[in-house]
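Secondary and tertiary structure notes
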Amino acid sequence: MNIAFNDQTFNVKIGINPISWMNDDLPSLGGETPLETALSEGAEIGYVGFELGNKFPKESGALRAVLGKYKLECVSGWYSGRLARRSVEEEIAAVGPHLRLLAKSGATVMVYGEVADAIQGEPRPLYKRPRFVNAQQWQDYADKLSAFARHTLAHGVRLSYHHHMGAYVETPADVDQLMALTGPEVGLLFDSGHITFAGGDALAVLRKHIERVSHVHCKDVRPAVVKLARNGNWSFLQAVINGAFSVPGDGCVDFEAILNLLYRHGYQGWLVVEAEQDPAVAPSYQYAQMGYQHLAQLVHKIEQAGRVVA
């Protein structure tokens, strides 16, 4: 192992998704929690930005006001895309308000999740997820996605594609295919938890596609729960409720190796703690703080070492 030392800065910001306090897909998980509770607690812990959720204002002035009250930035926001079923023109028309909100709020990436035919919110076992069954289907989808991504990029916001359990693009092989068929305008949202749940080696997938990574979700995984989910044919939401995911530092994902790889390749952007859990079982403040401290300590350690491992 060769180690060289430099004074390179790890130019990242640590943000969080409000799902630690309230789950948009499962309102029973924290649905009663006010938005301001999440924002005030997140800011107190040390987070500098939030991704958006259903309780955030949909108008840019109001959004800036509520985030500005806690000196927080708008990181990004999930967009439920349906390009697997819709035309590019239909998708461009549908994304308009959300894209304008992100652009006016200072976000430079948009989380794109393909929800057409997806089962992540349905009581169906994960093996019943949708799949593209031939090369033409893959190519058609990739062509539409690239065209759509060029549109968002023209407005200053890069599409960051979220591989996701229960959707068309779930496994490492799916990610490989998508990246091979799309243009560089399509960024990859690397989610350490989803790719691990999907059976992948998170570090290997990141290494393979590091040049396309435009956004990072830091989610840990409890392997024992994932094993139960697979063997028991659980739905995605069953797996969430039973604790398949947690915050960084509370599972099997090697975040030190992941952050070192991002550092060595000059990643500049957000590290977003996003861990779908039941706040009644995993108290929001406690776990949000755990995730922040784990990432912040690793970022500091990497910067102090200034190491680049060949």
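Small disclaimer: the values here were computed from a predicted structure and weren't measured.

**Side note on the sheet that holds strand E9 (residues 213-218)**
Pairing is parallel across the open sheet formed by 9 strands, whose spatial order is E4-E3-E2-E12-E9-E8-E7-E6-E5. In the strand order of this sheet, the two ends are held by strand E4 (73-74) and strand E5 (78-81), each with one partner. Relative to E9, strand E8 (residues 187-191) runs parallel, the two sharing 4 bridges. Paired with Leu-189 across the strands is His-215, a residue of E9. Set on the sheet, helix H7 (residues 202-209) makes contact with E8 and E9; between it and E8 the angle comes to about 165 degrees.

**Observations concerning the confidence of the model for the chain**
On average, residues of the chain score 93 in pLDDT, and 94% of them reach the 70 mark or higher. Low pLDDT, under 50, characterises residues 1-5; the predicted model gives this stretch 11 contacts beyond four residues in sequence or across chains.

**Description of the state of the cysteines**
A full pass over the atoms with the stated rule returns 0 disulfides. Cys-218 carries a free sulfur, and the closest cysteine sulfur to it, the one in Cys-252, is 14 Å from it. Exposure remark for Cys-218: the relative accessible area of 1% places this residue in the buried category.

**Let's talk about unusual backbone geometry**
The phi dihedral of Lys-71 is positive, around 55 degrees, even though this residue is not glycine. Judged by its relative accessible area of 75%, Lys-71 is exposed. The phi angle at Asn-233 is positive, at roughly 55 degrees, despite the residue not being glycine. Position of Asn-233 relative to the elements: it lies in the loop between helix H8 (223-231) and helix H9 (236-241).

**Structural notes on the packing of aromatic side chains**
Applying the stated criterion across every chain yields a total of 14 aromatic pairs. Taking 5.8 Å as the distance between ring centres and 35 degrees as the angle between the ring planes, the aromatic pair formed by Trp-21 and Phe-50 counts as tilted. In this pair, Trp-21 is assigned in the loop between strand E2 (12-16) and helix H1 (35-45) and Phe-50 in strand E3 (residues 49-50), connecting sequence segments 29 residues apart. Ring plane angle 45 degrees and centroid distance 6.4 Å describe the contact between Phe-50 and Phe-56, whose orientation is recorded as tilted. Phe-56 sits in the buried class, given a relative accessible area of 3%. Members of the aromatic cluster, each reached through a chain of ring pairs, are Tyr-79, Tyr-112, Phe-132, Trp-138, Tyr-141, Phe-148, Tyr-161 and Tyr-168. Lying across the ring of Phe-245, Lys-219 places its NZ or CZ 5.2 Å from the centre.

The rules behind these values
- Residues numbered from 1 in each chain as written.
- Predicted model: local features only at pLDDT ≥ 70, side-chain atom pairs only at ≥ 80, totals over all residues.
- Heavy atoms only, no water.
- Pairing = 2+ DSSP bridges.
- Helix = DSSP H or I, 4+ residues; strand = E, 2+ residues; numbered from the N terminus.
- Contact = heavy atoms within 4.5 Å.
- Axes fitted to C-alpha atoms, helices over the stretch in contact; angles between N-to-C directions.
- pLDDT = per-residue confidence, 0-100.
- Disulfide = S-S within 2.5 Å.
- Buried < 20%, exposed > 50% of the residue type's maximum accessible area, 1.4 Å probe, protein only.
- Phe/Tyr/Trp six-rings, centres within 6.5 Å; stacked < 30°, edge-to-face > 60°.
- Lys NZ or Arg CZ within 6 Å of the ring centre and 35° of its normal.

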